[in-house]
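A look at the structure
These are the residues of each chain, in order.
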Amino acid sequence: RRSGGSRRPLGSQPFLDASDGAAADADSAHVTHPWHVTAVPLGWRAALGFLGTCRERRLAEGVFAAEDFLRYAELLRYAGALVARGRYLPALRRSAAGVGFEAVWQPCIDREEARRSARLAERLPPSATGGQPAAERAAEQVAEWVDRLVRVSVATTLSRAHAERGAYASAHDAWLAALRGDSRLVRWSQPEDLEALARDAERWAWPLTGDRAPQPAFTLELSEPDTPQRPWPLRVRFAEAPVGRLDETAARALGQAAALYPPLAEARLEDDGALACGLEAAEAFRFLTGAVPLLDAAGFAVRLPEGWREGPACDLTLRAEAAPLAAGEAPGQPLDGLPVSVRWEVSLDGEAVTAEELEELLSARSPLVFFRGRWRRVDLRHLQSALRVARGAEPERQTAGAVLRLALGAAAGAHGLEVSEVRGDGWLAPLLEQVSGQQGVETLATPAAFCGELRPYQQRGFSWLVHLRRWGFGACLADDMGLGKTVQALAFLSHERACGERRPLLLVGPMSVLGNWLREMRRFTPELSALLHHGPQREHGEAFQKAAGAVAVVITSYTLLYRDYADLRKVGWAGILLDEAQNVKNPSTRQAQAARALQADYRLALTGTPLENHVGDLWSIMDFLNPGLLGRRAAFHTRFYRPIQSGADPGARTRLRRLIAPFILRRLKTDKTVIADLPDKLEGKVYCPLTREQARLYEQVLETFHHELDGAEGIGRRGLILAVLTRLKQVCNHPAHYLGAPGALARRSGKLTRLTDMLEEAFARGESALVFTQYAEMGHLLQRHLCETFACDTPFLHGGLGRKARDQLVQGFQSAERPLAFVLSLKAGGTGLNLTRATHVFHYDRWWNPAVENQATDRAFRIGQTRRVMVHKLICGGTLEERIDALIESKTSLAQEIVASGEASLTNFSDRDLRELLRLSEADVADEGEEER
């Protein structure tokens, strides 16, 4: 603990001390004392399960993972990936105690895996290595986990009983039994047999586990014959020595290669000193498909004819020609209800083939065939399926929706064959071209009723939303924070209204953004009437249905989405829009289930973080937007989630991207198409609601003030007004700031909740932020909350720090490896600092002087800043903060006075004007239980 501090241990990480309000001065002295802790012993199964769930430092409220624990979790995931990809081998070794032999499953690590393992080892802290070299410790731990994980997967009740029985016919039998039992000990009474078996096992595994620093001394070379009558020549070409004088390494390697592919043992010496053998087509096929992967993995160099390395030489697919059954313009109804005819064409390596040619290929009865002047590898089952398709004379009757899924790769073609191309006639042609990216979306004019000007990239985004709506698809607008997702969505709604849509839209978002939607609608789309459905006085039943039908937009929160589902489902919605759609990333939550269950003609989602934790987040959002596109959740996990997370199938990520790309539009501030449209500094106001606790405190402060104001005059009145302004601003910041009492911070302040959400989005993109407050007390609360929420150090620069400590904080922030928030007192941090690592600036509470706020913003927006800076001014809606901001924006003489003299100018207001300025608007207060993260 620190000398002079409380008698408690220091946190294992600096942010743990900061979160308790302890001083984080690096110069403080430390003393040691004994400290008793409670430990929970875990079995290896429980320990592996616990480690496997740990991906973030913050495990639960107030519970954080230590650095060594996180690094161990990384190692475990790596070991699990090795097992998932089958990179392990059985081995026999002497036990650690030197008595007997152990059967183990050992990792099979090639050069690339060795580099990856070394990188993980470098991240291990000293506490995780126990004094061992990091690489050695990591290798031991990975080997231990691989053995445990494989043993769990291969052991059965029967194999465990067999291992325990101990009666075996041979040492080999005893070894195999121990590999599938709970104990590694090999039960065989004759150690000389186990010694010999261990040597044989080591030689067998040598190509994959031995010293692979020297390359094998020869190359295997397979050549493609130019006629079907000649065999495939397989040669062994030695780098240096003739075949008669092979060194021990080359001879040993050749023996290993022959063990992997026995026909090599029949090779004969040729005149040029190479070994060669001729392979029939069937043997060549087995070499290409079975032996080459094994030889590659063993480190042997194999040269193949051009085109054979990457996969099957034959690409047998279908082409689809789709035509609408009804001629005319594109209908405005769901695609799954529109019938089309589909005619199939079989394609082999991009060339059309006839049924007669397919029959000829099948007659060879070999997967390796000579066709149209060259050798090709074919799948006999696919050939049979393709022949059935080619013999079909009549086109199939399908829906336009099914054809679209074929084009996206979301469905297989006839008889399960892959579809390489889908072409369409009539109105299907432009749809398929746009979905495949061959044709862009037409840019539409801004709706006449829209009160604002869209930037070019916003115009394209609005047009994209209209385009997908036209075809009945759900769309996810996933632009960077600050690029105007709300404005683009409002332009879309204005366009819908102009096109005659009179049914209401249901807009759902976190409680912290609902007030902002109302303000933005009043500013940009005043022609759209809105109903805010929240609060204890909200309508239900027929009254709600009538009220919803009379407006253009109904705005509600995620909490009420499932609470009031019975009311919401009875309204005929034109569309549903989810703001901050990452709130439904978990498909098992009630709000996600309610969102998917509601019926509407179209669905939109807005989010800056479509992928927060892992690829599994996408399924829930996409299933809301376009139900069934990604299949059922279990099928999605099998087809995409597991292969992508484990790395077992690199192509899965590409297939998923192709499937969802038409329905997600994401532009970053760094996009070349966006950069030209943006100023160097983007400023915006973020309106936040009060929680119920804040609203009660606000009303109490006002009630006390009104009683004290009656009869107050002169200096006393001025002091009273300045005091109530401070107290109300403290309430808007956080109840704990006003009360000065310790306690939980999360979910008690609408402003803090919104700040946390926006920082989470910024951190997800690797961006850092500055957070300014004019109150040192609030700065400490912000520091504590951000430390606990994001489980990382959050520096706080305030007037109580000396120059050395200030310099250390600034240098640490500028050089940090991970994105951070830097909390600063407006007075202490507003000048003289260079903090260009930050691209976001948050003004948590307002100074009401633009010059002072701009000076603080310039800590990030200054010479040396190479990226755009986004400035966010947080305002509690319906409170004095919003009204004073509106006064300043009015550019009146009173506004100039507020800017010049600050809040003191408000003491000249009359009692009536003060009450109007300070009153609380009920519309900006969250319901009880709706202060959601």
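1. A look at the overall build of the chain
- Scanning the chain for helices and strands turns up 37 helices and 29 strands.
- With 933 residues in all, the chain has 50% of them scored as buried.
- When contacts within the chain are restricted to residue pairs at least 6 apart in sequence, long-range pairs at least 24 apart make up 72% of them.
- Of the roughly 43700 Å² of accessible surface on the chain, 51% is carried by carbon and sulfur atoms.

2. What to know about empty space enclosed by the protein
- Counted by the stated rule, this structure contains 5 cavities of 30 Å³ or more.
- Computed from the structure, the second largest cavity encloses a volume of approximately 90 Å³.
- Lining the second largest cavity we find Leu493, Glu496, Arg497, Glu501, Arg503, Pro504, Leu505, Leu528, Ala552, Val553, Ala574 and Tyr602.
- Looking at the lining of the second largest cavity residue by residue, the classes come out as 8 nonpolar, no polar and 4 charged.

3. Structural notes on the pairing of strand β28 (residues 838-843)
- With 6 of 6 residues buried, β28 lies mostly within the body of the structure.
- Bridge count between strand β25 (residues 768-773) and β28: 5 bridges; the pairing is parallel. Note that in β28 the partner of leucine 770 across the bridge is valine 841.
- Where β28 meets strand β29 (residues 869-876), 4 bridges bridge the pair, whose relative direction is parallel. The residue bridging phenylalanine 842 from the neighbouring strand is histidine 872, located in β29.

4. Observations regarding the sheet that holds strand β9 (residues 301-303)
- With respect to topology, 5 strands assemble into an open sheet ordered β7-β8-β6-β5-β9, the strand pairing being mixed. Strands with a single pairing partner mark the edges of an open sheet, and in this sheet they are β7 (268-269) and β9.
- Of the pairings in the sheet, the one linking strand β6 (residues 232-238) to strand β8 (residues 275-279) comprises 5 bridges and is antiparallel in character. Note that in β8 the partner of valine 236 across the bridge is leucine 275.
- Against the sheet, helix α11 (residues 281-297) touches β5 (218-222), β6, β8 and β9, its axis set at about 130 degrees to β8.

5. Regarding the sheet that holds strand β27 (residues 821-825)
- Strand order in the open sheet formed by 6 strands is β24-β29-β28-β25-β27-β26, and the pairing between neighbours is parallel. Edge positions in the open sheet fall to β24 (681-688) and β26 (796-797), since each of these has one partner strand only.
- Strands in contact with helix α30 (residues 750-764) are β24, β25, β27, β28 and β29; relative to β24, the strand with the most contacts, it is inclined by about 140 degrees.

6. Section: the packing of helix α12 (residues 355-363) against helix α13 (residues 380-391)
- Two elements in contact, α12 and α13, have axes separated by 9 Å at closest approach and are oriented at 155 degrees. When the axes of α12 and α13 are compared, the pair comes out roughly antiparallel. Note on packing geometry: the crossing formed by α12 with α13 is left-handed. Where α12 abuts α13, its residues Ala355, Leu358, Glu359, Leu361 and Leu362 lie against Leu380, Leu383, Gln384, Ala386, Leu387, Ala390 and Arg391.
- Residues belonging to the contact of α12 with α13 are distributed by class as follows: 9 nonpolar, 1 polar and 2 charged.

7. Concerning unusual backbone geometry
- Positioned with a positive phi, arginine 747 is a non-glycine residue whose angle comes to about 65 degrees.
- Among the secondary structure elements, arginine 747 is positioned in the loop between α29 (735-739) and α30.
- Despite not being glycine, alanine 791 has its phi angle at roughly 50 degrees, a positive value.
- By the secondary structure assignment, alanine 791 is in the loop between α31 (776-790) and β26.

8. Comments concerning the pairing of strand β22 (residues 600-606)
- Most of β22 sits out of view: 5 of its 7 residues are buried.
- When strand β17 (residues 475-477) meets β22, the two strands line up parallel, connected through 3 bridges. Note that in β22 the partner of leucine 477 across the bridge is leucine 606.
- Inspection of the sheet shows strand β21 (residues 573-579) paired to β22 by 6 bridges, in the parallel sense. Opposite isoleucine 576, over in β22, you have arginine 603 as the bridge partner.
- Read from β21 through helix α22 (residues 590-597) to β22, the crossover connection turns out right-handed.

9. Things to note about helix α27 (residues 692-709)
- Here α27 is 18 residues long and its end C-alpha atoms lie 25 Å apart, about the 26 Å a rise of 1.5 Å per residue gives.
- By the burial criterion, the buried members of α27 are Arg692, Gln694, Ala695, Leu697, Tyr698, Val701, Leu702, Phe705 and Leu709.
- Once α27 finishes, glycine 711 follows within two positions and takes phi at roughly 85 degrees, a positive value.

10. Observations regarding the nonpolar core
- In this structure, Leu335, Trp344, Trp517, Ile555, Leu561, Leu578 and Leu656 are the most contacted members of the largest nonpolar core, which totals 115 residues.
- Of the residues forming this core, the biggest block, 7 residues, is contributed by helix α18 (residues 511-524).
- Among residues more than four places away in sequence, those in contact with leucine 561 are Leu506, Val508, Leu568, Gln591, Ala594, Ala595 and Leu598.
- Counting residues in each nonpolar core, the second largest holds 45 residues, with Ala762, Leu826, Leu835 and Ala860 among its members.

11. Some points on the confidence of the model for the chain
- Summary statistics for the chain give a mean pLDDT of 84 and a share of 89% for residues scoring 70 or more.
- Within the model, the stretch residues 20-27 combines pLDDT values under 50 with 8 contacts to residues more than four positions away or in other chains.
- Within the model, the stretch residues 928-933 combines pLDDT values under 50 with 27 contacts to residues more than four positions away or in other chains.

12. Remarks on the packing of α27 against helix α28 (residues 714-733)
- With their axes 9 Å apart at the nearest point, α27 and α28 run at an angle of 175 degrees to one another. Put simply, α27 runs roughly antiparallel to α28. Residues Gln694, Leu697, Tyr698, Val701, Leu702, Phe705, Glu708 and Leu709 of α27 form the contact with α28, whose own contacting residues are Arg717, Leu720, Ile721, Val724, Arg727, Leu728, Val731, Cys732 and Asn733.
- By residue class, the composition of the contact of α27 with α28 is 12 nonpolar, 2 polar and 3 charged.

13. Here's the deal with the layout of surface pockets
- Approximately 1100 Å³ is the volume attributed to the second largest pocket.
- Along the walls of the second largest pocket sit 37 residues, with Asn516, Glu520, Glu683, Gly684 and Lys685 positioned nearest its centre.
- For the lining of the second largest pocket, the secondary-structure elements that each account for two or more residues are α17 (485-498), α18, β24, α30, β29 and α35 (880-889).
- Taken together, the residues that form the lining of the second largest pocket break down as 14 nonpolar, 7 polar and 16 charged.

14. Regarding the pattern of salt bridges
- With the rule as written, the count across this model stands at 49 salt bridges.
- In this structure, the salt-bridge partner of glutamate 580 is arginine 754, at a minimum N-O distance of 3.3 Å. Of the two residues, glutamate 580 is situated in the loop between β21 and α22 and arginine 754 in helix α30; the sequence distance between them amounts to 174 residues.
- The residue arginine 748 makes a salt bridge to glutamate 693 at a minimum N-O spacing of 2.9 Å. Linking arginine 748 in the loop between α29 and α30 with glutamate 693 in helix α27, this pair joins segments that are 55 residues apart in sequence.
- The class of arginine 748 is buried, set by a relative accessible area of 17%.
- On the basis of relative accessible area, glutamate 693 is assigned to the partly exposed category, the value being 24%.
- A single network of salt bridges, built from pairs that share partners, joins Lys681, Glu683, Lys685, Arg846, Glu853, Lys873 and Asp885.

15. A closer look at the environment of aspartate 885
- With respect to the helices and strands, aspartate 885 occurs in helix α35.
- For the pair aspartate 885 and tryptophan 848, spaced 37 residues apart in sequence, the C-alpha to C-alpha distance is 7.4 Å.

16. Describing the packing of aromatic side chains
- Evaluation of the coordinates by the stated rule reveals 13 aromatic pairs.
- Taking the centre distance of 5.8 Å and the plane angle of 85 degrees together, the rings of tyrosine 88 and tryptophan 105 count as edge-to-face. Taken together, the residues tyrosine 88 in strand β3 (residues 88-94) and tryptophan 105 in strand β4 (residues 101-107) connect sequence positions 17 residues apart.
- Residue tyrosine 88 is classed as partly exposed on the basis of its relative accessible area of 26%.
- The exposure class assigned to tryptophan 105 is buried, which follows from its relative accessible area of 12%.

Conventions adopted
Residues numbered from 1 in each chain as written. Predicted model: local features only at pLDDT ≥ 70, side-chain atom pairs only at ≥ 80, totals over all residues. Heavy atoms only, no water. Helix = DSSP H or I, 4+ residues; strand = E, 2+ residues; numbered from the N terminus. Buried < 20%, exposed > 50% of the residue type's maximum accessible area, 1.4 Å probe, protein only. Contact = heavy atoms within 4.5 Å. Areas by Shrake-Rupley, 256 points an atom, 1.4 Å probe, with all protein chains shown as cover. 1 Å grid on protein atoms, 1.4 Å probe; cavity = no way out; pocket = protein on both sides within 12 Å on 5 of 7 lines; lining within 4 Å. Points joined across faces, edges and corners; volume = space filled by probe spheres on them. Nonpolar A, V, L, I, M, F, W, Y, C, P; charged D, E, K, R; others polar. Pairing = 2+ DSSP bridges. Axes fitted to C-alpha atoms, helices over the stretch in contact; angles between N-to-C directions. Parallel < 35°, antiparallel > 145°, perpendicular 65-115°, else oblique. Left-handed = near helix turned anticlockwise from the far one by under 90°. Right-handed = clockwise from strand over helix to strand, strands pointing away. Expected span 1.5 Å × (residues − 1). Core = buried A, V, L, I, M, F, W, Y, C linked by side-chain atoms within 4.5 Å. pLDDT = per-residue confidence, 0-100. Salt bridge = Lys/Arg side-chain N within 4 Å of Asp/Glu carboxyl O. Phe/Tyr/Trp six-rings, centres within 6.5 Å; stacked < 30°, edge-to-face > 60°.

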